[in-house]
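Residues per chain are reported as follows:
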Amino acid sequence: MKDTNEILKKVRKIEIKTKGLSRNIFAGEYHTAFKGRGMTFSEVREYQYGDDVRNIDWNVTARFNKPYIKVFEEEREMTMMLLVDVSGSGEFGTVNQIKRDMMTELAATIAFSAIQNNDKIGVIFFTDQIEKFIPPQKGKKHVLYIIRELLGFEPQSKKTDIQGALQYMTNAIKKRCTAFIISDFISNDFSKSLTIANRKHDMVALQIYDRREMELPAVGLLKVKDAETGNDMWIDTSDKKLRNSYHQYWDNRQNELKQYFNQSGVDFTTIATDEDYVKALMKLFKQRI
């Protein structure tokens, strides 16, 4: 169990950083990029030339003996869901921070942006099982609870099953929502579940990676460990052919992921652990406007 005081200190630090970002930088982009689910009645006014006759309020029209129409406005309140990968591979990081720390900051920033827009925010923590489901609610207290869980949560499993997480969300969240899936996407094929989820909800994918996952350094014999299976392995990184094969594997996997997201119609961006995630999120939000 992680130390409670240490977690509370980290909560406060992340709150100060991410709340400022969401208020000062993301507020406008978030508001525009993630629109409400529909239209809600606002008021009635006198009919004007060009108004849609289907919106005429016949009761008010009869009362005042001249045409009045119903005025609608965009329904701003939304539900935002975060699907956060808490599997073992998130504990990897060679520059600045581990992947899981970056995922926590991203999730916190999006969560604060949501409550400033008066939206509900919920979270699904997943590995190869659903580790925890926090139903959507509003308010700062709720967001701070989410951040505490992000920092202190200890999953039962270390493996990953994105397909299972997407299926769970599709079944658990009945009304249409915007859902960010935050992961390194080291998982089996989840393309079918992603397509189904995106038909019902508005899915956005954020891939967090470490630059050492792209290419191996030439440092001779190196002992590596699979964070999800616990298996150890010795590799000779001085072997150029091995390093090239490793890099080719990364490229192939990235191309496969891009194909998944493009075919499913899901907005997707990649963020390295030593990269400024503010720029990446701003770019993504602007693409949606």
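Just so it is clear, the model here is predicted, and its values are computed rather than measured.

**With respect to the overall build of the protein chain**
Along the protein chain, the regular secondary structure elements total 8 helices and 10 strands. Excluding contacts between residues fewer than 6 apart, the proportion of contacts in the protein chain whose partners are at least 24 apart in sequence is 75%. With an accessible surface of roughly 15500 Å², the protein chain has 48% of that area assigned to carbon and sulfur atoms.

**Focus on the packing of aromatic side chains**
This structure, assessed with the given rule, holds 9 aromatic pairs. Judged by centre distance (5.4 Å) and plane angle (45 degrees), the ring pair of Tyr209 and Trp250 falls under tilted. Within this pair, whereas Tyr209 is found in strand β7 (residues 202-209), its partner Trp250 is found in helix α7 (residues 240-264), the two being separated by 41 residues in sequence. For the pair shown, Tyr209 and Trp250 are each scored as buried. The structure contains a cluster of three or more aromatic residues connected by ring pairs, namely Phe185, Phe190, Tyr260, Phe261 and Phe268.

**Details of the packing of helix α6 (residues 191-200) against α7**
Taken N-terminus to C-terminus, the directions of α6 and α7 make an angle of 30 degrees; their axes are 9 Å apart at the nearest point. Here α6 lies roughly parallel to α7, going by the angle between them. Read as a crossing pair, α6 and α7 show a hand that is right-handed. In this structure, α6 contributes Ser191, Leu194, Thr195 and Asn198 to the contact, and α7 contributes Tyr260, Phe261 and Ser264.

**Details of the layout of surface pockets**
As a volume, the largest pocket reaches approximately 910 Å³. Lining the largest pocket are 27 residues, with Phe92, Val224, Lys225, Asp226 and Tyr246 positioned closest to its centre. Of all the elements, α7 adds the most residues to the lining of the largest pocket, at 5 residues. Class assignment for the residues of the lining of the largest pocket results in 14 nonpolar, 4 polar and 9 charged.

**Comments concerning the side chain of Arg100**
Summarising the element assignment, Arg100 is placed in helix α3 (residues 99-116). For Arg100, the side chain forms a polar contact with the main-chain oxygen of Phe153, separated by 2.8 Å. Once residues within four sequence positions are removed from consideration, Arg100 is found in contact with Val86, Gly90, Glu91, Leu150, Phe153 and Pro155.

**Overview of the nonpolar core**
Leu82, Leu106, Ile121, Phe180, Ile182 and Leu206 are the most contacted members of the largest nonpolar core, which has 41 residues in total. Residue assignment for this core shows that the elements contributing at least two residues are β3 (79-85), α3, β4 (120-126), α4 (140-152), β6 (178-183), β7 and α8 (277-288). In terms of residue count, α3 provides more of this core than any other element does, 10 residues in total. In this view, Leu82 contacts Ala107, Ile110, Ile121, Gly122, Val123, Ile124, Phe180 and Ile182; residues no more than four positions away in its chain are not counted. Core analysis: the next-biggest nonpolar cluster, separate from the first, contains 23 residues, Phe126, Phe190, Tyr260 and Val266 among them.

**A word on the environment of Asn96**
With respect to the secondary-structure elements, Asn96 resides in the loop between β3 and α3. In the structure, Asn96 is positioned 179 residues away from Glu275 in sequence and 9.1 Å away in space, judged by C-alpha atoms. The contacts of Asn96, once residues within four sequence positions are left out, are Thr273 and Asp274.

**Digging into the pattern of salt bridges**
This model, assessed by the stated rule, comprises 8 salt bridges. Of the charged contacts in the structure, one is a salt bridge between Arg45 and Asp51, with a shortest N-O distance of 2.9 Å. On the basis of relative accessible area, Asp51 is assigned to the buried category, the value being 16%. In this structure, the salt-bridge partner of Glu149 is Lys132, at a minimum N-O distance of 3.9 Å. In this pair, Glu149 is assigned in helix α4 and Lys132 in strand β5 (residues 130-137), connecting sequence segments 17 residues apart. When salt bridges with common partners are traced through the structure, they connect Lys99, Asp184 and Glu213 into a single cluster.

**Observations regarding the sheet that holds β5**
Strand order across the open sheet formed by 6 strands is β5-β4-β3-β6-β7-β10, with mixed pairing between neighbours. Every interior strand has two partners, whereas the edge strands, β5 and β10 (267-272), have only one. With direction set aside, neighbouring strand axes in the sheet form an average angle of 15 degrees. Judged from the 6 bridges that link them, β6 and β7 form a sheet pairing that is parallel.

**Remarks on α7**
Its 25 residues place the ends of α7 36 Å apart at the C-alpha level, agreeing with the 36 Å of an ideal helix rising 1.5 Å per residue. Burial in α7 covers these residues: Trp250, Arg253, Gln254, Leu257, Tyr260, Phe261 and Ser264. Residues of α7 that are buried in the fold lie against α6, β7 and β10. Downstream of α7 by a residue or two, Gly265 has a phi angle that is positive, lying close to 75 degrees.

What counts, and at which threshold
Residues numbered from 1 in each chain as written. Predicted model: local features only at pLDDT ≥ 70, side-chain atom pairs only at ≥ 80, totals over all residues. Heavy atoms only, no water. Helix = DSSP H or I, 4+ residues; strand = E, 2+ residues; numbered from the N terminus. Contact = heavy atoms within 4.5 Å. Areas by Shrake-Rupley, 256 points an atom, 1.4 Å probe, with all protein chains shown as cover. Phe/Tyr/Trp six-rings, centres within 6.5 Å; stacked < 30°, edge-to-face > 60°. Buried < 20%, exposed > 50% of the residue type's maximum accessible area, 1.4 Å probe, protein only. Axes fitted to C-alpha atoms, helices over the stretch in contact; angles between N-to-C directions. Parallel < 35°, antiparallel > 145°, perpendicular 65-115°, else oblique. Left-handed = near helix turned anticlockwise from the far one by under 90°. 1 Å grid on protein atoms, 1.4 Å probe; cavity = no way out; pocket = protein on both sides within 12 Å on 5 of 7 lines; lining within 4 Å. Points joined across faces, edges and corners; volume = space filled by probe spheres on them. Nonpolar A, V, L, I, M, F, W, Y, C, P; charged D, E, K, R; others polar. Polar contact = N/O pair within 3.5 Å; in protein donor to acceptor, adjacent residues only side chain to side chain. Core = buried A, V, L, I, M, F, W, Y, C linked by side-chain atoms within 4.5 Å. Salt bridge = Lys/Arg side-chain N within 4 Å of Asp/Glu carboxyl O. Pairing = 2+ DSSP bridges. Expected span 1.5 Å × (residues − 1).

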